[in-house]
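So you can see what is in the structure, the chains are spelled out below.
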Amino acid sequence: MKYRFLILLLILTTESFAQKPNVILIYADDLGYGDLSCYGAKAIKTPNIDKLAKQGMKFNRAYSTSATCTPSRYSLLTGRYAFRRNDTGIAPGNASALIKGGQQSVASVFGKAGYQSAVVGKWHLGLGGAEGPNWNGKITNGPLDIGFNYAFLIPATGDRVPCVYVENDRVINLDPKDPIQVNYVNKIGNWPTGKENPELLRMKHSHGHDNTIIDGVGRIGYMTGGTSALWKDEDIAQRITDKAKEFISKNSQNPFFLFFSTHDIHVPRVPNSRFLGKSGLGNRGDAILQFDDSVGQLMKALDSLQLSSNTMVILTSDNGPVVDDGYHDGSKENIGKHKPAAGLRGGKYSAFEAGTRVPFIVRHPSVKADETSSALVSQIDFLATMAGLTNQKYDVASASDSQNQLKTWLGSDSKGRAHVIEQSGTLSIVQGNWKYIKPNKGPAYNANVEIEYGNDEAEQLYDLSRDPFERYNLAASVPAKLGELKSLLQNELLKK
Ligand code: NG6
Ligand code: CA
């Protein structure tokens, strides 16, 4: 009897070790390297994320693949650098799908491993075939067509029309008698616009965002119809957090992958009244608190379902920070001493470090808790690393830029990648401590967002170990390094 019990115990233990780990990727929008208290922020407290970092590993040299959203997300999900295509700039809200149905994605890799996968939150990778998304019917070429089993989406961004949720392949709460019409070139219908009726705005725009007014906020693009389907900006964070929690609890008995892609802290920042005014830093700070709260709720859900010890949690951001990205929301006036990029040069859109160096936290039972790694990490490796984690073969040709960096992400390799490439208006490459920025004719500075873009017709070379803020261009004085990085980048560009 006693032995039988022991054998049963042994079987149970072996089984629980053999159980495939769940994975949650928490992907913030426009969250900067210096925006979390665990990354040194003093003016704001992010207790839930700090706890995650304490239980896991923090990376201080981790990069998104691009300084804007669409290309970052494309690379993250496919394992191919978006710059290899020429159509992956910031996608309009009615763009057709960049990842076509049937194409390999990290979700299809998880699917082969027997996982249930969900994306909840911001998509911004286009939807539909060549003609774009059919907002009033079945939306093709969406997440369900590339391996996800469930989707609850903000189709593009909070500041782009249509301001409606898509669940799986349909707009939800849509009245068929009031169809949605969208146009990104000309005004459609008779709903007021920010340009014509600024007196109707509850949040004024500072640049752009003067097209159709939805819920008192001017947006990019024109829409009319679909009144019953319109979202409420102050509810978005809780709405998607609830959907994520539902997905976790429905899948507590089987392995799952959750891509929790928050709207926070992108514009328009319309935090819920629970957070409004709480950071003292304006709406941007309040949105950070809201984001931290969402993270806390998900971690609590894992704990209460006893899933924390078998779930890998990764928290990162799609690109660097911007304070005024088009609305007067009090973020600029109230920023005080807070440094969203921890003093790194540039910001969102930039070739300089602040454009793509982002927080990156991994919590996993086998990661050494409360440690910081300086390994070179890139989000491009997500697909191959997840294939490594789940022991899956995948189509290497279509994910050729992605490397299995599981050892690095779990902390046992302290070096990481040999080099990382980042896309902005130009391309940058980081190898070891050195960084090269490819010459480019674009603007050096954008006065609207008050960010240095890093474009220069001259070559730029920086030694990030001695000059982390990229002040001294060494292109002329260290020609050997310049040549090395330049040809490294050229070789990468030649790859198919
Ligand atoms: C820009 C928008 C900005 C933001 C960005 C996309 C204007 C003036 N600016 O064009 O507000 O929406 O696109 O951000 O319209 S991202 O994080 O999704 O890449
Ligand atoms: Ca973004």
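Data block above holds the structure.
Residues numbered from 1 in each chain as written. Chains lettered and ligands numbered in written order. Predicted model: local features only at pLDDT ≥ 70, side-chain atom pairs only at ≥ 80, totals over all residues. Heavy atoms only, no water.

(A) Just the packing of helix 2 (residues 47–55) against helix 6 (residues 283–304), in detail. Contact geometry of helix 2 with helix 6 gives a least axis separation of 7 Å together with a crossing angle of 55°. When the axes of helix 2 and helix 6 are compared, the pair comes out oblique. Contacts between helix 2 and helix 6 involve Pro47, Asn48, Ile49 and Leu52 from the former and Phe291, Asp292, Asp293, Val295, Gly296 and Met299 from the latter. Taken together, the residues of the contact of helix 2 with helix 6 break down into six nonpolar, two polar and two charged. (Axes fitted to C-alpha atoms, helices over the stretch in contact; angles between N-to-C directions. Helix = DSSP H or I, 4+ residues; strand = E, 2+ residues; numbered from the N terminus. Parallel < 35°, antiparallel > 145°, perpendicular 65-115°, else oblique. Contact = heavy atoms within 4.5 Å. Nonpolar A, V, L, I, M, F, W, Y, C, P; charged D, E, K, R; others polar.)

(B) Just the coordination of the calcium ion (ligand 2), in detail. Listed as protein donors to the calcium ion (ligand 2) are Asp29 (OD), Asp30 (OD), Asp318 (OD), Asp318 (OD) and Asn319 (OD1); their distances from the metal cover 2.2 to 2.8 Å. Considering all six donor atoms around the calcium ion (ligand 2), the spread of angles at the metal, 50 to 175°, places the coordination shape in the irregular class. Each donor residue of the calcium ion (ligand 2) lies on one chain, and together they are spaced D-D-x287-D-N. Classification of aspartate 29 by relative accessible area gives buried; the value is 0%. (Donors = N, O, S within 2.8 Å, 3.2 Å for Na, K, Ca; no water. Tetrahedral: all angles 85-135°; square planar, octahedral: opposite > 155°, others 65-115°. Buried < 20%, exposed > 50% of the residue type's maximum accessible area, 1.4 Å probe, protein only.)

(C) Up close: the sheet that holds strand 14 (residues 360–363). What the 10 strands build is an open sheet, ordered 7-6-5-4-12-1-13-14-2-15; its pairing is mixed. Each edge of the open sheet is held by one strand with a lone partner, namely strand 7 (170–171) and strand 15 (371–373). Where strand 2 (residues 57–59) meets strand 14, three bridges bridge the pair, whose relative direction is antiparallel. The residue of strand 14 that forms the bridge with methionine 57 is valine 362. Here helix 2 sits on the sheet in contact with strand 2, strand 13 (311–317) and strand 14, set at roughly 60° to strand 14. Along the sheet, helix 3 (residues 69–78) makes contact with strand 1 (22–28), strand 4 (116–122) and strand 12 (256–261), crossing strand 1 at roughly 165°. (Pairing = 2+ DSSP bridges.)

(D) Fine view of the sheet that holds strand 22 (residues 460–463). The sheet built from four strands is open, its strands ordered 17-18-19-22 with antiparallel pairing. Each edge of the sheet is formed by a strand with only one pairing partner; in this case those strands are strand 17 (419–423) and strand 22. For this sheet the average axis-to-axis angle between neighbouring strands, irrespective of direction, equals 15°. Sheet analysis places strand 19 (residues 434–437) next to strand 22, joined by four bridges and oriented antiparallel. The partner of lysine 435 across the bridge, within strand 22, is tyrosine 462.

(E) Examining the nonpolar core more closely. Grouped together as the largest cluster of nonpolar side chains are 104 residues, with contacts concentrated most on Phe257, Leu258 and Met386. For this core, the element with the most residues is helix 6, which contributes eight residues. Beyond its immediate sequence surroundings of up to four residues, methionine 386 is in contact with Val23, Val106, Phe110, Met312, Ile314 and Trp409. Formed by 13 residues, the second largest nonpolar core is a distinct cluster that contains Phe83, Ile380, Ile421 and Tyr436. (Core = buried A, V, L, I, M, F, W, Y, C linked by side-chain atoms within 4.5 Å.)

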